[in-house]
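The chain contents come next:
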Amino acid sequence: FKPWHRPRKQWVRRYQWHDSLLHMLRETHFPDDARTVRYLSLPGEDLLDVRVLREACEQAGLDLRFTGLNSVRRGSADDVQLNIAESEVRGLARIHSGSTILRERFESIANRSSLAYAEVRSGGPFHAVNIDLCDHIALRASGPGRATVIDALAEVIQLQLTNAIHPWLLFITTRVAPDRIDARNLAALIQAISDNVEASDEFGRRAGELLRAEGDRLR
């Protein structure tokens, strides 16, 4: 079994991702000629997230059009498993025929001339963006001048803010590994949170509740 096969991860899929999406879909108006939920995913080879969120769409009477990125090596055993799972999922009800999976790293979205960026741009704006990472969100770049997860996430959020006129959800799952963190990325995350605390009383209150801290201790 891999980490995403464990019961605790299915709990996240069912009671966080599925339930949050279903609640939003029931509160969102979809015209009769555009009853499609657009979903950006970093799926594992089993497409478990797509399978679970498809159920939410089915309950809401909507189709699911997913855009997935998986950096699996072509021809590998994992690639074969991904192909099998994709074929199975495409045969399920409420899966949009325009759904696609690219064999690309998430970080490649930060390159505006890449296929991943073009596919994300054409596949969005999304109703749900699910950045389900196997590594740390503040991971160091894989080489000099290479983009990071933070860079790619910034591009996705910018596309959403520019184009989305409907509510949308952002799910982020990150591994916690202190020895893998890039200091610049971590500092940027901390600064962003600090700026939001200063700019919004509500954000500061909710952050304080989440972190069980307030005032100087929260800073």
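Residues numbered from 1 in each chain as written. Predicted model: local features only at pLDDT ≥ 70, side-chain atom pairs only at ≥ 80, totals over all residues. Heavy atoms only, no water.

### Remarks on the packing of aromatic side chains
Aromatic ring pairs are defined here through the distance separating the ring centres and the angle between the ring planes.
Here's step 1: In the structure shown here, the tally under the stated rule is two aromatic pairs.
Here's step 2: Between Trp11 and Tyr15 the ring centres are 5.5 Å apart and the planes differ by 50°, which places this aromatic pair in the tilted class. Here Tyr15 and Trp11 lie together in helix H1 (residues 7-27), a separation of four residues that amounts to about one turn.
Here's step 3: For Trp11, a relative accessible area of 47% translates into the label partly exposed.
Here's step 4: Arranged with centres 6.1 Å apart and planes meeting at 25°, the rings of Trp17 and Phe171 form a pair that is stacked. Of this pair, Trp17 sits in helix H1 while Phe171 sits in strand S5 (residues 169-173); the two residues are 154 residues apart in sequence, bridging distant segments of the chain. (Phe/Tyr/Trp six-rings, centres within 6.5 Å; stacked < 30°, edge-to-face > 60°. Helix = DSSP H or I, 4+ residues; strand = E, 2+ residues; numbered from the N terminus. Buried < 20%, exposed > 50% of the residue type's maximum accessible area, 1.4 Å probe, protein only.)

### Things to note about the environment of Ala213
Here's step 1: Structurally, the position occupied by Ala213 is in the loop between helix H7 (201-211) and helix H8 (215-218).
Here's step 2: Owing to a relative accessible area of 12%, Ala213 belongs among the buried residues under this scheme.
Here's step 3: With sequence-adjacent residues up to four places away left out, Ala213 is seen in contact with Gly208 and Leu218. (Contact = heavy atoms within 4.5 Å.)

### Describing unusual backbone geometry
Here's step 1: Following Gly124, the chain continues into Pro125 via a peptide bond in cis, with omega recorded as -5°.
Here's step 2: Checked against the element boundaries, Pro125 lands in the loop between helix H4 (115-123) and strand S4 (128-132).
Here's step 3: In this structure, Leu47 takes a positive phi of about 55° despite not being glycine.
Here's step 4: The exposure class of Leu47 is buried, given its relative accessible area of 0%.
Here's step 5: Located in the positive-phi region is Arg94, a residue other than glycine, with phi close to 70°.
Here's step 6: By secondary structure assignment, the location of Arg94 is in the loop between helix H3 (77-90) and strand S3 (100-102).
Here's step 7: Here Arg94 falls in the partly exposed class, since its relative accessible area comes to 33%.

### Brief notes about the nonpolar core
Here's step 1: In this structure, Leu21, Leu25 and Val50 are the most contacted members of the largest nonpolar core, which totals 26 residues.
Here's step 2: The greatest single-element share of this core, amounting to six residues, is contributed by H1.
Here's step 3: Val50 has contacts with Tyr39, Leu64, Phe66, Val89 and Ile95, leaving out every residue within four places of it along the chain.
Here's step 4: One finds Leu69, Ile109, Ala116 and Ile137 within the second-largest nonpolar core, a separate group that totals 20 residues. (Core = buried A, V, L, I, M, F, W, Y, C linked by side-chain atoms within 4.5 Å.)

### Focus on the environment of Thr174
Here's step 1: With respect to the helices, strands and loops of the structure, Thr174 is situated in the loop between S5 and helix H6 (183-199).
Here's step 2: Between the C-alpha atom of Thr174 and that of Asp135, which follows or precedes it by 39 residues, the distance is 6.2 Å.
Here's step 3: Sequence-distant contacts of Thr174, that is, excluding residues within four places in its chain, are made with Asp135, His136 and Ile137.
Here's step 4: Within the structure, the side chain of Thr174 is placed 2.9 Å from the backbone nitrogen of Ile137, a separation counted as a polar contact. (Polar contact = N/O pair within 3.5 Å; in protein donor to acceptor, adjacent residues only side chain to side chain.)

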